[in-house]
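Take a look at the letters that make up each chain.
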Amino acid sequence: MTNSDRDPPALGIWLLDRVIRPDARNAIVGDLVERYREDVARRSAFARSRFWWEALVAIRHFGSLSALRRARHHEDLMSSFFADLRHGARLLRRAPAFATLCAVTLALAIGPTTAIFSVVDPLLIRSLPYAHPDRLVYVWERDQTGRQLTTGFATVQDIRANATTLESLAAVSSWIPTLSDPTAPERLSGSRVTWNYFHTLGVRPMLGRDFASDEDKPTQLNAFGGAKVVLLSYGLWMRRFAADSAIVGRTIQLGGTPWTVIGVLPKSYEDVHQSGAQIYSPLGYAVGQPWACRSCRHLTAIARIRAGVSRERANVELDQVSARIVAANPKEYSAAGVFLKPMQEQVTRAVRPALYAIAGAVVLVLLIAIANVVNLQLARAVRRDAEFGVRLALGAGTGRLAQQLAAEGLVIAAAGGLLGVALGWATLPVLVAKLPRSFPRIDAIHFDPAALALVAAIVIPLAIVLGIVPARGARRRVLYSGALRGASRVRGGDHHRTRSTLVVAEMALALLLLASAGLLARSLVRLLAVDPGFDPSDLITMQIEASGPRYAANEAVIDFRQRTIDAALAVPGVIGAAVTTSVPLGGNFDMYGIIAQDRPLTNPELSPYATGYRVVGDYLKTMRIHLVAGRDFTDQDARDTSSSVAVISASLAKALWGAADRNVLGRQIFIPNARHHWSTVIGVSADVHHQSLDADDRRAFYVPESAWGWANGSGVLVVRTRSSSGALVRQVRAAVSAVDPSQPVTDVRTMDVVVASSAAQRSLALTLFGTFAALALLLSAAGIYGVLAGSVAERTREIGLRSALGATPGNLLRMVLSRGLGLAAIGVILGLVGALATTRYLRALLFGVGPMDPLMLGGAAAILLVVAAAACLVPARRAIRVDPMEALRE
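Residues numbered from 1 in each chain as written. Predicted model: local features only at pLDDT ≥ 70, side-chain atom pairs only at ≥ 80, totals over all residues. Heavy atoms only, no water.

Asks: Just checking my understanding: could you explain the pattern of salt bridges for this structure?
Replies: Side chains that carry opposite charge are capable of pairing whenever their charged atoms lie near each other. All chains considered together, the criterion is met by 30 salt bridges. Across the pair Arg-135 and Glu-167 runs a salt bridge whose closest N-O atoms are separated by 2.6 Å. Here Glu-167 lies in strand β3 (residues 166-175) and Arg-135 lies in the loop between α7 (96-125) and β1 (136-142), a separation of 32 residues in the sequence. A relative accessible area of 14% places Arg-135 in the buried class. Across the pair Asp-740 and Arg-550 runs a salt bridge whose closest N-O atoms are separated by 3.0 Å. Residue Asp-740 is located in the loop between α22 (726-737) and β25 (745-750), and its partner Arg-550 is located in the loop between β14 (539-545) and α18 (554-569); the two are separated by 190 residues in the primary sequence. Taking the relative accessible area as the measure of exposure, Asp-740 reaches 5% and is therefore buried. (Salt bridge = Lys/Arg side-chain N within 4 Å of Asp/Glu carboxyl O. Helix = DSSP H or I, 4+ residues; strand = E, 2+ residues; numbered from the N terminus. Buried < 20%, exposed > 50% of the residue type's maximum accessible area, 1.4 Å probe, protein only.)

Asks: Is there a simple way to explain the pairing of strand β20 (residues 645-649) in this structure?
Replies: It is a general feature of regular strands that their side chains alternate between the two faces of the sheet. Counting buried positions along β20 gives 5 out of 5 residues, so the element sits mostly inside the fold. The side-chain alternation of β20 yields two buried faces, one formed by Val-645, Val-647 and Ser-649 and the other by Ala-646 and Ile-648. Pairing analysis gives 5 bridges linking β20 to strand β22 (residues 678-685), with the strands arranged parallel. Among the inter-strand pairings, Ser-649 is bridged to a residue of β22, identified as Ser-685. Across 2 bridges, β20 lies against strand β23 (residues 700-704) in antiparallel orientation. By the bridge assignment, Val-647 is partnered in β23 with Tyr-702. (Pairing = 2+ DSSP bridges.)

Asks: It is not clear to me how the packing of aromatic side chains should be interpreted in this structure. Could you clarify?
Replies: Note on aromatic pairs: each is described by the distance of the centres and the angle between the planes. A full pass over the atoms with the stated rule returns 19 aromatic pairs. Measuring from centroid to centroid gives 5.3 Å for Trp-175 and Trp-259, while their planes differ by 45 degrees, and the two rings are tilted. Taken together, the residues span a long stretch of sequence, with Trp-175 in strand β3 and Trp-259 in strand β10 (residues 257-264) at a distance of 84 residues. Classification of Trp-175 as buried rests on a relative accessible area of 13%. Consider the rings of Tyr-269 and Tyr-280, whose centres lie 6.2 Å apart with planes at 70 degrees: the pair is edge-to-face. Of this pair, Tyr-269 sits in the loop between β10 and β11 (279-282) while Tyr-280 sits in strand β11; the two residues are 11 residues apart in sequence, bridging distant segments of the chain. (Phe/Tyr/Trp six-rings, centres within 6.5 Å; stacked < 30°, edge-to-face > 60°.)

Asks: Explanation requested: the side chain of Ser-607 in the structure shown.
Replies: Within the secondary structure, Ser-607 sits in the loop between β17 (595-596) and β18 (609-617). For Ser-607, a relative accessible area of 5% corresponds to the buried category. A distance of 2.7 Å separates the side chain of Ser-607 from the backbone oxygen of Pro-604, its partner in a polar contact. In contact with Ser-607, not counting residues within four places along its chain, are Gly-593, Ile-594, Ile-595 and Leu-601. (Polar contact = N/O pair within 3.5 Å; in protein donor to acceptor, adjacent residues only side chain to side chain. Contact = heavy atoms within 4.5 Å.)

Asks: In this structure, what is going on with the state of the cysteines? I would like to understand it.
Replies: In a disulfide, the sulfur atoms of two cysteines are covalently bonded to one another. If you walk through the whole model with that rule in mind, you get 1 disulfide. Linked covalently through their sulfurs, Cys-293 and Cys-296 form a disulfide whose S-S length is 1.9 Å. Every disulfide takes its handedness from the sign of the S-S torsion; for Cys-293 and Cys-296 that torsion is 95 degrees, giving right-handed. On the accessibility criterion, Cys-296 (17% relative accessible area) is buried. (Disulfide = S-S within 2.5 Å.)

Asks: Is there a simple way to explain empty space enclosed by the protein in this structure?
Replies: Where empty space is left in the structure can be found by rolling a water-sized probe over the atoms. The full count for this structure, using the stated rule, is 6 cavities of 30 Å³ or more. The computed volume of the largest cavity comes to approximately 100 Å³. Lining the largest cavity are 14 residues, and of these Leu-355, Ile-358, Leu-435, Phe-439 and Leu-764 lie nearest its centre. Grouping the constituent residues of the lining of the largest cavity by class yields 13 nonpolar, 1 polar and no charged. In this structure, the second largest cavity spans a volume of roughly 60 Å³. Looking at the second largest cavity, the residues that line it are Glu-141, Arg-142, Thr-155, Ile-159, Ser-322, Ile-325, Val-326, Tyr-333, Ala-335, Gly-337 and Val-338. (1 Å grid on protein atoms, 1.4 Å probe; cavity = no way out; pocket = protein on both sides within 12 Å on 5 of 7 lines; lining within 4 Å. Points joined across faces, edges and corners; volume = space filled by probe spheres on them. Nonpolar A, V, L, I, M, F, W, Y, C, P; charged D, E, K, R; others polar.)

Asks: Would you mind showing me how to read a nonpolar patch on the surface here?
Replies: Residues Val-104, Leu-108, Leu-419 and Leu-423 make up a contiguous nonpolar surface patch of about 270 Å² in total accessible area. Only α7 and α15 (398-434) provide two or more residues apiece to the nonpolar patch. Relative to the elements of secondary structure, Val-104 occurs in helix α7. With relative accessibility at 36%, the residue Val-104 sits in the partly exposed group. (Patch = residues over 30% accessible without salt bridge, like charges linked within 9 Å, V, L, I, M, F, W, Y side chains within 5 Å. Areas by Shrake-Rupley, 256 points an atom, 1.4 Å probe, with all protein chains shown as cover.)

Asks: Help me understand the nonpolar core, please; the structure alone is not making it clear to me.
Replies: For soluble globular proteins, nonpolar side chains are generally found buried alongside one another. By size, the foremost hydrophobic cluster in this structure holds 125 residues, and its most contacted members are Leu-513, Tyr-619, Tyr-702, Phe-769 and Phe-772. Excluding anything up to four places from it in sequence, Phe-769 contacts Ala-357, Ile-358, Ala-361, Leu-513, Ser-516, Ala-517, Leu-520 and Leu-842. (Core = buried A, V, L, I, M, F, W, Y, C linked by side-chain atoms within 4.5 Å.)

Asks: Just to check I follow, could you spell out α7 for this structure?
Replies: In an α-helix there are 3.6 residues to a turn, and that puts residues three or four apart on one side. The largest bend in α7 comes to about 35 degrees, at Val-119, with the proline Pro-122 one to four residues further on. Across the 30 residues of α7, 22 count as buried, placing the element largely inside the fold. (Bend = angle between axes of the 7 residues up to and from the residue.)

Below, the structure written as structure tokens:
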């Protein structure tokens, strides 16, 4: 077959060029030329006749001399572009494998991108859902070490009275009331707030009214002679009160006492301070109350800075106010000064490092996917050089060619975007379900139009890239190779350099993800290997409540807890049970400054802080917390009202008396809020991690609940079992619920789950990084495979010639493998350099491993090279199977 046979009839092309409307000309001519070449490739005897028949049909439907004249002077760009879109869609239908591969590749990157963006958007990008959120700040006290502390009511009052740069200052404390219901009592999450809390946030109730200042006083009845008042969240109002519009003024029972509902917060209201809060009541404090003191730092202060006042100026003024307060009350503060932290920054502080890392990871995956698709488009463009040659011969410039390819790229990108949106929409609920319970603004995470806008922002530039990059290369190849005349294509050059560069970039980005995932995995393994100080296996925990008039006295609460313990111990398989105010790693904090009687301090606020556990029953034995010295509590200790005893942790003993002084038994310590001024140390326990496994917070003390000033209505039952099977957990819960069915039993978990939850953020980051790394590895392998496969296909004649001249299969194998592994090696080197520069940003998520850990970096490089070698094998095997004679006839 001659070169002229491979080209469509020149007369037909000339005729089509002059008769077909300009907006459809390129698409139609391109289709006819492509169809003709396919017929020629199949050695069809009817290629020319079919071309002429289809050309005449096209002229009949699209030929118009008048339209031609108008279009030549006033070409409608948009109609031309839409025609290109239709043409691109037709071409992609003829290449379903290519179109599907591109769309799926993009979807696998765009889907996670939209899901992660939906999580990141409300936390790091979108403003808080309050009026002028940039003026909202947290007000923290400062201790002698520079740490930020919560504050006391008296301090809030003093700052409010003296600060001129604040428009308002509110305080909030957590509140866990029980919604009394004979059939379905419910433990609610709520807040007690100063009356101006919602005014400070700029939120107004949807129904009813806000709190009045007279209602925020320590009285049983409010100023209007009614019961205590509450505001309901929209969700609670919908769920428990069936959206009753007459709820305002209605009385509900909380802990067995009546409370009046004065309003319902709007559906749009979101509590960013305490995510999931359902009910609010006035704080009801007054200066002079024991719990409203300056050192009673259990309140969180939130302020709104006046308009036009900078945060720095407000901070300077509050520092001056704090200095005056501390000067007047030197023994109630350890240091002067406050921190003003922007509300959004403070709310997201704990999760910000993980979010930045995960967002960076998903961007890397997106870049790898885009590089892969561009690579595929470049390879396809090479196979279409003859078609491009015809178009250029008909007068189409590079811009027109780029428009055509961009239209095709838009079809590909849009398909990938649509699939990605579907994947992201389906993935987001799964991702949200995996988030830690303490994750901020979790209710604001939705798949919303912002995610769709992000997809559009990805798709449109990608379409342009998919048009411009192949078009430039195509024009250069056609001009230099004379593709229209059927000459052989140019080998190598910019086309191969571009594709190789993309593969190297993919490899480098994949190594970054692999190294990061390896570092996170090793960190998590080391973190979970930390001894928490107790035995979490076969240990069940559940939250129990003792609220209502029947439990107004301390004795009633303690009796309820003892009966609960007895009920749990009666269950077969239970070998120990106790009740405590909080469990290690459970997320609760209850800290007090402890003073040794024989080591008096000039300022009590300089005393070491320790976590307090008030217990009923054999808590240390049930938790298997070892005693280092002394003894555990006895029943007599719990019944003794004339004195108080305490067990302290080894770290607290060291903080009070130093490491060298080990004779601490029998010494006296001051514990705030204990029934007696001084408590005798009867034992020293092993250290326990309370807040997290990686925190140095092992100072703790244990006292009997009866030794405290008051009994807490909320407690945690811990049950040691022979095996924590699901059936046994249900039996224990049923037995505990039967003690008082009017009291809720919630948050039933095994201690293993509690420990794992304390590392949930790292676990989630590892899961996402691992998924992204696996995806990046797959895409990179596909990329290097595509480049080598395309190279082998384009060099078939060369390979055949080499074989004919004596090249052995081993020579050909080495030729292909050396090229593929060479690209992979360059990518690995660049990736290692990038990893050394960027993994330090993971430092906040690492534990027990450095960001430049050679084992992880080397392991990631080795995995990538092995996968790259595997991806090279198929093209290499194809090269050694090339038939020299067949190849030379091509």
